[in-house]
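Observations on the model geometry
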Amino acid sequence: MNRQVAGVRGVAALLPAECAPWAAVEERLRALMEVYGFREIRLPIIERTELYARAVGEATDIVEKEMYTFLDRNGDSLSLRPEGTAGCVRAGIEGGLFHNQTQRLWYQGAMFRHERPQKGRYRQFHQWGVEAYGMSGAAIEAELIALGARILRELGVNARLLVNSLGTPACRERYRDALVDHLKAHRDRLDEDSVRRLDRNPLRVLDSKNPAMREILDAAPAIADHWSTESRAHFADLTGHLRALGVAFEVAPRLVRGLDYYTHTVFEWVADETLAQATIAAGGRYDGLVTELGGAATAAVGFAIGMERLMGLVTRPPQVLGLGVYVMTPAALQGRALALAEALRDRGVRVEVHLAAASAKSQGKRARESGARCLVEAVDEEGVVILAAGATQGDTVSWTDAVARISEILGAEAKIDDE
Ligand code: ATP
Ligand code: MG
């Protein structure tokens, strides 16, 4: 035998057993996107590296050490997308989506980050992102948050919603000074990453996952003490909307996003766990990004759900239509079995036919395991035995009557009449 080729570390295939629940959740998410009036945007998987350096920021884990960056054959530096917002804004500017318009957009797909693989942290993972443009008030933030809360509620995911405000760039400037003073006072206890960030991007220090830093960070000043009147009013609007909509939240005074283009609201849903991988979804307002990437000033707010983390926490999976019919057949009757299956599929029934060489006994085992609502056994040229799931006694019917009888069992008569 030839040597097997191993998959890439942290990059997993979804096998059929996992795809089914994923597809069911994705279908539900699509339906919710429509209910909220969001439209899909399909974004490329590769972009110029410069896009992420500017949009995600140089002094971030993502750009410093997590991107898959390569030179293409022309010598251009490209990167696999580590997140979706940057590409969404880039495509929106080029596609003319922002000027004097409002947009509600969603995208979904694989993202790539070279992180240390562990539970809830992979090198290829999937995000479901929603972004809204052209709306500067707290109401759109509340709408997005209500959408996220509805998704988690429907799927039975237990999570806390944390909210905070970064205020305006001027608020953040004042806060930065206070934060740097605090961190400098404890410089000897900062880890290597934090010391580096202290000069380049001090707000990012608050993002540290290092438990040894917890005490210093919990004692750090809160940005709320530096909010302007406008920032305070914006945050009061948001919390007012959330209360009116009945969305439970907690104010997290040290929740931040480290980049200059973030303004006002930031939020996260955190699972009721004490994991470093507990954040299921995260987002915020990023009014400065469209101009940062060369577009005209555009209000923007969005969030992204980590699909692997979401899937791991679903307790109420959406119902999926299971297999309707499983057909067992000896080799000599496979042709007839196929024709029967096609006739049932014409009526929208999900059918699987056992087409491998196998004994009646092993076919019966496979049929029961399939979970089909109706088992059909091809007996001879005359006809079949039909067994409704759970029944002990089968019906013997001719091949010609089989479709009608099976449809009756499945409650599919209405569909037949429609045709
Ligand atoms: P974390 O704090 O867990 O590193 P992050 O701040 O890097 O997350 P974002 O860039 O805000 O994450 O991405 C939004 C969501 O995408 C996260 O809340 C998480 O659910 C998911 N996510 C991020 N990185 C990974 C990964 N490597 N594997 C799986 N999911 C991820
Ligand atoms: Mg990360």
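No experiment lies behind these values; they were computed from the predicted model shown.

Comments concerning a nonpolar patch on the surface
A surface patch of nonpolar side chains, about 240 Å² in accessible area, is lined by Ile-45, Ile-46 and Phe-70. Relative to the elements of secondary structure, Phe-70 occurs in strand S3 (residues 69-71). By relative accessible area, which is 33% here, Phe-70 ends up partly exposed.

As for the site of ligand 1
Of all residues adjacent to ligand 1, which total 15 residues, the nearest are Arg-113, Glu-115, Tyr-122, Lys-209 and Thr-279. The separation between an oxygen atom of ligand 1 and a polar side-chain atom of Gln-127 is 3.1 Å. At 3.0 Å, a side-chain N or O of Arg-309 approaches an oxygen atom of ligand 1. When ligand 1 is considered free in solution it has 580 Å² of accessible area, and contact with the protein chains removes 85% of it. Residue assignment for the shell around ligand 1 shows that the elements contributing at least two residues are strand S6 (124-133), strand S10 (279-285) and strand S11 (300-306). The leading source of residues in the shell around ligand 1 is S10, at four residues. Across the shell around ligand 1, the residue classes tally to six nonpolar, four polar and five charged.

Topic: the side chain of His-226
With respect to the secondary-structure elements, His-226 resides in the loop between helix H8 (214-218) and helix H9 (229-245). Assessed through its relative accessible area of 19%, His-226 is described here as buried. The residues touching His-226, leaving out its near neighbours within four places in the chain, are Cys-171, Arg-174, Tyr-175 and Ala-178.

Let's talk about H9
Over its 17 residues, H9 runs 24 Å from end to end, which matches the ideal 24 Å to within 8%, given 1.5 Å per residue. The elements touched by buried residues of H9 are helix H5 (138-154), strand S7 (159-165), helix H6 (169-185), strand S8 (250-251), strand S9 (265-271) and S10. Immediately beyond the C-terminal end of H9, within one or two residues, lies Gly-246, with a positive phi of roughly 75°.

Section: the sheet that holds strand S13 (residues 351-353)
Strands sit in the order S13-S12-S14-S15-S16 across an open sheet of five strands; the sheet is mixed. The outermost strands of the open sheet, each flanked by one partner alone, are S13 and strand S16 (395-398). Strand-to-strand twist of the sheet, defined as the mean angle between neighbouring strand axes without regard to direction, takes the value 25°. Packed onto the sheet, helix H12 (residues 334-346) meets strand S12 (325-328), S13 and strand S14 (374-378) and runs at close to 170° relative to S13. Of the strands in this sheet, S12, S14, strand S15 (383-388) and S16 touch helix H14 (residues 399-410), which is tilted by about 135° from S16.

Considerations on the pairing of S16
Across four bridges, the pairing between S15 and S16 is antiparallel. Within S16, the residue paired with Val-385 across the bridge is Thr-396. Remark: six residues form the turn of the hairpin made by S15 and S16, two consecutive strands paired antiparallel; Gly-390 in that turn has positive phi of roughly 90°.

Re the packing of aromatic side chains
Summed over the entire model, instances satisfying the criterion amount to nine aromatic pairs. Seen from their ring centres, Tyr-261 and Tyr-262 are 5.2 Å apart, and the 35° between their planes marks the pair as tilted. There is no split in this pair, since Tyr-261 and Tyr-262 are both buried. Relative to Phe-303, the ring of Phe-267 has its centre 5.9 Å away and its plane inclined at 65°; by these criteria the two rings are edge-to-face. On the criterion of sequence distance, the pair formed by Phe-267 in strand S9 and Phe-303 in strand S11 is long-range, its members being 36 residues apart. Phe-303 shares its class with Phe-267; the two are buried.

Cut-offs applied
Residues numbered from 1 in each chain as written. Chains lettered and ligands numbered in written order. Predicted model: local features only at pLDDT ≥ 70, side-chain atom pairs only at ≥ 80, totals over all residues. Heavy atoms only, no water. Patch = residues over 30% accessible without salt bridge, like charges linked within 9 Å, V, L, I, M, F, W, Y side chains within 5 Å. Areas by Shrake-Rupley, 256 points an atom, 1.4 Å probe, with all protein chains shown as cover. Salt bridge = Lys/Arg side-chain N within 4 Å of Asp/Glu carboxyl O. Helix = DSSP H or I, 4+ residues; strand = E, 2+ residues; numbered from the N terminus. Buried < 20%, exposed > 50% of the residue type's maximum accessible area, 1.4 Å probe, protein only. Near = heavy atom within 4 Å. Polar contact = N/O pair within 3.5 Å; in protein donor to acceptor, adjacent residues only side chain to side chain. Nonpolar A, V, L, I, M, F, W, Y, C, P; charged D, E, K, R; others polar. Contact = heavy atoms within 4.5 Å. Expected span 1.5 Å × (residues − 1). Pairing = 2+ DSSP bridges. Axes fitted to C-alpha atoms, helices over the stretch in contact; angles between N-to-C directions. Phe/Tyr/Trp six-rings, centres within 6.5 Å; stacked < 30°, edge-to-face > 60°.

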